[in-house]
Amino acid sequence: MFDRILVPTDGSPGSERAFEVAATLAGTHDAAVHVLSVVDEHGPTDDDWDYDGGSPADAFVESQTDHVDTEGLSVTPAVREGVVHDAILDYADENDIDLIVMGTHGRTGVRRFLLGSVTEKVVRLADVPVLSVKADAEPGTVSFDDILLPTDGSSGAEAAIEPAGALASATDATTHLVSVVDTRSLGIDVGSTVIVDELESVATDAVGGASDRLSELGVETVETAITHGVPYRAILDAIEDTDADLVVIGTHGRTGVDRYLLGSVAEKLVRTSPVPVLTVRAPSASDES
């Protein structure tokens, strides 16, 4: 399902890690890669590489040949000028991009004009899935052998099933389904046990339905778990417990002018997950009509 992959770049380590992931996925899915450099009309030009002629995007692609195998890949460099996140989204729309892969600094607190807040804006606003990759990820060969798929049975969560299934079936990965029962607001009283039982029942149905759908998509190995606690923290624990290489999580559709993420859990994971996070936006009512 990924035929055209976009990698926005500013030549930084985050961009390099994103390109490595994009190249791996392109090889797996026989996809074309677009490398986009945006000249920010509202910010300083801050190139991290030297180039003699050509464009920053050309120079970036050339610099990757030392440690990323680009042989056989279709790579298209491009340069745009404007507000960075708007330029990325416009390019994705104009070129029928199926996946955007971006670097992010996450918890480090270092925020460049492209790899900090812009990544979060693209995650919130993109119509296509966005794969966020940490700048401090280990360079080199990327593999997705274990995929973690959180689910709560919502439309946002369901939107992530097909992309996760496509990735898992293409790489024979194990998919780990987890549903978190959020008991933070429950007091210790007579009714709490009943409520917890109801929440666990919803979680059981959610992982059961997602497991059936993954099987239909050709995923051979699916493991399921139900946990309790603060959702994003429980998911972080599940990343460690399952030794996951990738998290795939759904987001809500539009609300008013902007869009928001699935209970803010996805946004927190993009910032704090030690492994790449693929966010997938659920269609809004207006998209489906």
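What comes next concerns the included structure. (Residues numbered from 1 in each chain as written. Predicted model: local features only at pLDDT ≥ 70, side-chain atom pairs only at ≥ 80, totals over all residues. Heavy atoms only, no water.)

## Section: helix α4 (residues 117–125)
Note on helix geometry: an α-helix contains 3.6 residues per turn, so any two residues three or four positions apart are oriented the same way.
Link 1 in the chain: Where α4 is concerned, the buried positions are Val-118, Thr-119, Glu-120, Val-122 and Val-123.
Link 2 in the chain: In the core, the buried residues of α4 are packed alongside α3 (84–94), β4 (99–104), β5 (130–134), α9 (265–272) and β12 (277–281). (Buried < 20%, exposed > 50% of the residue type's maximum accessible area, 1.4 Å probe, protein only. Helix = DSSP H or I, 4+ residues; strand = E, 2+ residues; numbered from the N terminus. Contact = heavy atoms within 4.5 Å.)

## Examining the nonpolar core
As a rule of thumb, nonpolar side chains are buried together in soluble globular proteins.
Link 1 in the chain: Residues Val-101, Leu-131 and Val-248 are the most contacted members of the largest nonpolar core, which totals 43 residues.
Link 2 in the chain: The element best represented in this core is helix α1 (residues 13–29), accounting for 7 residues.
Link 3 in the chain: Ranked by size, the runner-up nonpolar core spans 37 residues in total, among them Ala-87, Met-102, Ala-126 and Ala-234. (Core = buried A, V, L, I, M, F, W, Y, C linked by side-chain atoms within 4.5 Å.)

## Focus on the environment of Asp-182
Link 1 in the chain: Along the chain, the position of Asp-182 falls in the loop between β7 (174–181) and α7 (190–216).
Link 2 in the chain: Owing to a relative accessible area of 28%, Asp-182 belongs among the partly exposed residues under this scheme.
Link 3 in the chain: With 52 residues separating them along the chain, Asp-182 and Ala-234 place their C-alpha atoms 9.4 Å apart.
Link 4 in the chain: Apart from the residues within four sequence positions on either side, Asp-182 is in contact with Leu-199, Gly-229 and Pro-231.

## Some remarks on the side chain of Thr-279
Link 1 in the chain: Within the secondary structure, Thr-279 sits in strand β12.
Link 2 in the chain: What Thr-279 contacts, discounting residues up to four positions off in sequence, is Val-123, Pro-129, Val-130, Ile-249, Thr-251, Ala-266 and Val-270.

## Details of the pairing of strand β2 (residues 32–40)
Link 1 in the chain: The buried fraction of β2 amounts to 8 of the 9 residues, a majority that puts the element mostly inside the structure.
Link 2 in the chain: The sheet contact formed by strand β1 (residues 4–9) and β2 spans 6 bridges and is parallel. Across the sheet, the residue bridging to Pro-8 is Leu-36, located in β2.
Link 3 in the chain: With 9 bridges connecting them, β2 and strand β3 (residues 74–82) associate as parallel partners. Bridged to Val-33 within β3 is Val-75. (Pairing = 2+ DSSP bridges.)

## Looking at helix α8 (residues 231–242)
Link 1 in the chain: Here α8 contains 12 residues, and its C-alpha end-to-end distance of 16 Å stays within 8% of the 16 Å for a straight helix at 1.5 Å per residue.
Link 2 in the chain: Asp-243 sits one or two residues past α8 and shows a positive phi near 55°. (Expected span 1.5 Å × (residues − 1).)

## Examining the sheet that holds strand β8 (residues 222–228)
The strands making up a sheet are joined through hydrogen bonds of the backbone, oriented either antiparallel or parallel.
Link 1 in the chain: Strands sit in the order β3-β2-β1-β4-β5-β12-β9-β6-β7-β8 across an open sheet of 10 strands; the sheet is mixed. At either margin of the open sheet sits one strand with a lone partner, and together these are β3 and β8. Across the sheet, the mean angle from the axis of one strand to that of its neighbour is 25°, orientation sign disregarded.
Link 2 in the chain: Strand contacts of helix α6 (residues 161–171): β6 (146–150), β7, β9 (246–251) and β12, with the helix running at about 170° to β6, the strand carrying the most contacts. (Axes fitted to C-alpha atoms, helices over the stretch in contact; angles between N-to-C directions.)

## Focus on the environment of Ser-74
Link 1 in the chain: By secondary structure assignment, the location of Ser-74 is in strand β3.
Link 2 in the chain: C-alpha separation for the pair Ser-74 and Val-33, spaced 41 residues apart in sequence, amounts to 6.0 Å.
Link 3 in the chain: When neighbours within four sequence positions are excluded, Ser-74 is seen to be in contact with Ala-32 and Val-33.

## Some points on the environment of Val-75
Link 1 in the chain: Looking at the element boundaries, Val-75 is found in strand β3.
Link 2 in the chain: Taking the C-alpha atoms as reference points, Val-75 and His-34, separated by 41 residues in sequence, lie 5.7 Å from one another.
Link 3 in the chain: When neighbours within four sequence positions are excluded, Val-75 is seen to be in contact with Val-33, Val-35 and Val-61.

## Quick look at the side chain of Thr-151
Link 1 in the chain: Residue placement: Thr-151 occurs in the loop between β6 and α5 (155–159).
Link 2 in the chain: Note on Thr-151: relative accessible area 7%, which makes it buried.
Link 3 in the chain: One polar contact links the side chain of Thr-151 to the main-chain amide nitrogen of Gly-153, over a distance of 3.3 Å.
Link 4 in the chain: Beyond its immediate chain neighbours, meaning those up to four positions away, Thr-151 contacts Ala-157, Leu-177, Val-178, Ser-179, Ala-206 and Val-207. (Polar contact = N/O pair within 3.5 Å; in protein donor to acceptor, adjacent residues only side chain to side chain.)

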